[in-house]
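# Architecture and fold: a report
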Amino acid sequence: MSKVISAHAVSVDGYISGRTPEGEAEFGRGLGDAPMLFDWYGNGDTPSQVFDGFTLSEASARFFDALAARVGASVAGRTTYEHSSHFGGDGPHPTAPLFVVSHRPVPGISEKQTLVTTGIGDAIAAARVAAGDRNVALMGGGLVTAALKAGLVDEIVLHQVPVLLGGGHSFFHELPEHVNLRLIEAIPAPGVTHLHYEVLR
């Protein structure tokens, strides 16, 4: 059954990046001597079967690939799209089409990407059609928060890296009320703990 999920690397204090607001430095590099939040993508000797160039620990590869293999479409917010250099005209997942949510025109949208200007609900609905029986993956803290507010998120995965960044950009933005989660599994691995939650409604 298709689900709407979000998976992101975060620090223990909940940040997805350091303090630097521009470009590639946005994602985990903003504090200079802080460890990269994505070091675990390459800290092992087990090649990912989904993402070329990723060599993870055995535990991370098993968890990561099982999750990635189920993704049929991705949805990203405009900030994530721009800070990721437009994903090079493609998407964050090697086989899943990308839907970009923005209330304003987005220059440079490619034929492999779809711009949705009518909100997160319409973007997820379109992504579900494209994904078929596979999952829809959400990217970007603001977008994930909007989807949570709308009751559209089924599962959240936090790849929690053992570092306190002490500042930067939080993954979750302010919610109007608390959201209950149920821990499905916790997978400890070198440099990261994979925390898989169900969103309770």
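Since the model is a prediction, treat every value here as computed from it, not as a measurement. (Residues numbered from 1 in each chain as written. Predicted model: local features only at pLDDT ≥ 70, side-chain atom pairs only at ≥ 80, totals over all residues. Heavy atoms only, no water.)

### A word on the overall build of the protein chain
Helices and strands together make up the secondary structure of the protein chain, namely four helices and 12 strands. The C-alpha radius of gyration of the protein chain comes to 16 Å, within 12% of the 17 Å expected for a compact globule of 201 residues. Along the longest, intermediate and shortest principal axes, the C-alpha atoms of the protein chain span 40 × 40 × 35 Å. Residue pairs in contact within the protein chain that sit at least 24 positions apart in sequence constitute 64% of those at least 6 positions apart. Taken as a whole, the protein chain presents about 9800 Å² of accessible surface, with 54% of it coming from carbon and sulfur. Looking at the protein chain, you have 13 positive and 21 negative side-chain charges, and the mean spots of the two groups are 5 Å apart. (Helix = DSSP H or I, 4+ residues; strand = E, 2+ residues; numbered from the N terminus. Rg over C-alpha atoms; globule rule 2.2 N^0.38 Å. Contact = heavy atoms within 4.5 Å. Areas by Shrake-Rupley, 256 points an atom, 1.4 Å probe, with all protein chains shown as cover. Lys, Arg positive; Asp, Glu negative; His and termini not counted. Charge placed at Lys NZ, Arg CZ, Asp CG, Glu CD.)

### What about the pairing of strand β1 (residues 4-11)?
Side-chain positions along a regular strand alternate between the two faces of the sheet. For β1, the buried fraction is high: seven of the eight residues fall into the buried class. Pairing of β1 with strand β8 (residues 135-139) involves three bridges; the strand directions are parallel. Directly across from Val 4, in β8, lies its bridge partner Val 136. Here β1 runs beside strand β9 (residues 155-161); their pairing, made up of seven bridges, is parallel. Residue pairing in the sheet places Ser 11 in a bridge with Val 161 of β9. (Buried < 20%, exposed > 50% of the residue type's maximum accessible area, 1.4 Å probe, protein only. Pairing = 2+ DSSP bridges.)

### Focus: the pairing of strand β12 (residues 192-199)
Burial analysis of β12 places six of its eight residues in the buried class, the great majority of the element. Summarising the sheet, strand β11 (residues 181-189) and β12 pair through eight bridges and their orientation is antiparallel. Counterpart to Ile 187 in the pairing with β12 is His 194.

### Things to note about the environment of Thr 193
When you line up the elements, Thr 193 lands in strand β12. Put simply, Thr 193 and Phe 99 are 94 residues apart on the chain and 28 Å apart in space, counted from C-alpha to C-alpha. When residues no more than four places from it in sequence are discounted, the contact partners of Thr 193 are Leu 158, His 159, Gln 160, Ile 187 and Pro 188.

### Let's talk about the confidence of the model for the protein chain
For the protein chain, the mean per-residue pLDDT works out to 90, and 92% of the residues sit at or above 70. Taken as a whole, residues 23-34 scores under 50 in pLDDT and shows 35 contacts with residues more than four places along the chain or in a different chain. (pLDDT = per-residue confidence, 0-100.)

### Re the sheet that holds β9
Neighbouring strands of a sheet are bound in pairs by backbone hydrogen bonds; such pairs are parallel or else antiparallel. Here we have eight strands laid out as an open sheet, ordered β7-β6-β5-β8-β1-β9-β12-β11, and mixed in their pairing. Looking at strand neighbours, the two that pair on one side only are β7 (113-116) and β11, the edges of this open sheet. If you compare each strand with its neighbour and ignore which way they point, the axes differ by 25° on average. Strand direction decides the pairing type here: β9 and β12, joined by six bridges, are antiparallel. Opposite Gln 160, over in β12, you have Thr 193 as the bridge partner. Across the sheet, helix α1 (residues 58-68) is in contact with β1, β5 (71-77), β9, β11 and β12; its angle to β11 comes to roughly 140°. The strands touched by helix α4 (residues 141-149) are β1, β5, β6 (98-101), β8, β9 and β12; relative to β8, the strand with the most contacts, the crossing angle is about 125°. (Axes fitted to C-alpha atoms, helices over the stretch in contact; angles between N-to-C directions.)

### So, helix α3 (residues 120-131)
In this model α3 runs 16 Å from its N-terminal to its C-terminal C-alpha over 12 residues, within 8% of the 16 Å that 1.5 Å per residue would give. Taken residue by residue, α3 has Ile 120, Ala 123, Ile 124, Ala 127 and Ala 131 as its buried positions. For α3, the buried positions fall inside an angular range of 95° around the axis, keeping them on one side. Buried-residue contacts for α3 involve β1, β5, β6, β7, β8 and α4. Backbone geometry just after α3 places Gly 132 at a positive phi near 65°. (Expected span 1.5 Å × (residues − 1). Arc of directions from axis to C-beta.)

### As for the pattern of salt bridges
One pass over the structure, following the stated rule, counts seven salt bridges. A salt bridge links Glu 155 to Lys 3; the nearest nitrogen and oxygen atoms lie 2.7 Å apart. Here the residue Glu 155 occupies a position in strand β9, and Lys 3 occupies one in the segment before β1, the gap between them amounting to 152 residues. Residue Glu 155 is classed as buried on the basis of its relative accessible area, which comes to 9%. The network of salt bridges with common partners includes Arg 128, Asp 154 and Arg 201. (Salt bridge = Lys/Arg side-chain N within 4 Å of Asp/Glu carboxyl O.)

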